[in-house]
Amino acid sequence: QLLGGHEPTQVKRAVTVWIESLSREAERVRAVVAVENSGAGHYVPTGIPSRKLVLSLSATQRRRVIFQRDLVYQRVMQDEHDRTLTEDWEIKLLSKRCLRDNRLAPLEVRRETFVFNAAPDDDVDVNVRLDYVHGRGTAVTQGVEIRIAEVDQVLQRGLREAEMKAGGGR
């Protein structure tokens, strides 16, 4: 049985994501997220405009969102009039130049750094999601969105305060 490019098992096997480091200095939090093309054997996503990977990082404190950012990996093509092409058929017939191409090469590990402010006296809950999205153009009647991975990690409140609370009861 041949599995198609949009089959969830294939998509999930192609890309791996993890939080490489999570640190804080006073009110600044730094998260480094690694995204690896671990199994596609070609660029991910493929070069068709309606296919993209979306890496989302959100951070919450006390269940309130304090930071949210999406990074999109895709190849963006333009026609001879500098119009960005959005339909799959346009890339084959009208593309003249590549505006941006930040797709992942085979076996590439890309490290993305997110820096944001957070109150030092509360834990920071960090959530990272990686989704494969296909079907933005009007020629596609139904879009496909596949959750490749989701990773959660908690950055504890400032260590000095945690040590004082633990030592204060003795």
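Located above this text is the structure these notes cover.
What comes next concerns the included structure. (Residues numbered from 1 in each chain as written. Predicted model: local features only at pLDDT ≥ 70, side-chain atom pairs only at ≥ 80, totals over all residues. Heavy atoms only, no water.)

All right, on to the pattern of salt bridges then. According to the stated counting rule, one finds nine salt bridges in the structure shown. Salt-bridge contacts for Glu 150 lead to Arg 147; the nearest nitrogen and oxygen are separated by 3.2 Å. Given the relative accessible area of 44%, Glu 150 is considered partly exposed. Through salt bridges with shared partners, a single network forms among Asp 79, Arg 83 and Glu 90. (Salt bridge = Lys/Arg side-chain N within 4 Å of Asp/Glu carboxyl O. Buried < 20%, exposed > 50% of the residue type's maximum accessible area, 1.4 Å probe, protein only.)

Attention now goes to the packing of aromatic side chains. In the structure shown here, the tally under the stated rule is one aromatic pair. For the ring pair Phe 67 and Phe 116, a centre distance of 4.6 Å and an interplane angle of 15 degrees mean the geometry is stacked. Pair noted here: Phe 67 is in strand β4 (residues 64-73) and Phe 116 is in strand β7 (residues 109-117), with a separation of 49 residues, a long-range link. Of the two residues, Phe 67 and Phe 116, neither departs from the other in class, the shared state being buried. (Phe/Tyr/Trp six-rings, centres within 6.5 Å; stacked < 30°, edge-to-face > 60°. Helix = DSSP H or I, 4+ residues; strand = E, 2+ residues; numbered from the N terminus.)

Once that is clear, we can look at the side chain of Thr 60. Relative to the elements of secondary structure, Thr 60 occurs in strand β3 (residues 51-61). Taking relative accessible area as the criterion, Thr 60 reaches 18% and is therefore assigned buried. Residues within four places of Thr 60 in sequence aside, it is in contact with Val 65, Ile 66, Asp 123, Val 124 and Asp 125. (Contact = heavy atoms within 4.5 Å.)

Among the nonpolar cores identified, the biggest contains 30 residues, and Val 15, Val 35, Leu 53, Leu 55 and Leu 57 are the most heavily contacted of them. Elements with a minimum of two residues in this core: α1 (8-14), β1 (15-25), β2 (28-37), β3, β4, β7, β8 (124-134) and β9 (144-155). Ranked by the residues each element gives to this core, the list is headed by β8, at five residues. Ignoring anything within four residues of it in the chain, the contact list for Leu 57 reads Ala 31, Val 33, Phe 67, Gln 68, Arg 69, Phe 114, Phe 116, Val 126, Asn 127 and Val 128. (Core = buried A, V, L, I, M, F, W, Y, C linked by side-chain atoms within 4.5 Å.)

It is worth spelling out the environment of Arg 69 at this point. As for its placement among the helices and strands, Arg 69 is situated in strand β4. In the structure, Arg 69 is positioned 12 residues away from Leu 57 in sequence and 5.5 Å away in space, judged by C-alpha atoms. The residues contacting Arg 69, other than those within four sequence positions of it, are Leu 55, Ser 56, Leu 57 and Phe 114.

Here we take up a nonpolar patch on the surface. A cluster of nonpolar side chains, contributed by Trp 89, Leu 93 and Leu 94, occupies part of the molecular surface with about 320 Å² of accessible area. Looking at where Leu 94 falls in the secondary structure, it is placed in helix α2 (residues 88-94). (Patch = residues over 30% accessible without salt bridge, like charges linked within 9 Å, V, L, I, M, F, W, Y side chains within 5 Å. Areas by Shrake-Rupley, 256 points an atom, 1.4 Å probe, with all protein chains shown as cover.)

Taken in spatial order, the four strands make up an open sheet running β4-β3-β8-β9, and their pairing is antiparallel. Whereas interior strands pair on both sides, the edge strands pair on one side only; in this sheet they are β4 and β9. The mean angle between the axes of side-by-side strands here comes to 15 degrees, regardless of whether they run parallel or antiparallel. In the sheet, β3 pairs with β4 via nine bridges, with the strands oriented antiparallel. Looking across to β4, one finds that Ala 59 is bridged to Phe 67. (Pairing = 2+ DSSP bridges. Axes fitted to C-alpha atoms, helices over the stretch in contact; angles between N-to-C directions.)

Looking now at unusual backbone geometry. The omega torsion across Val 44 and Pro 45 is -10 degrees, close enough to zero to call that bond cis. Relative to the helices and strands, Pro 45 resides in the loop between β2 and β3. A positive phi is found at Leu 107, a non-glycine position, where the angle reads about 65 degrees. For Leu 107, the position within the fold is in the loop between β6 (97-101) and β7.

From the geometry alone we can't say anything about function, so treat these as descriptive.
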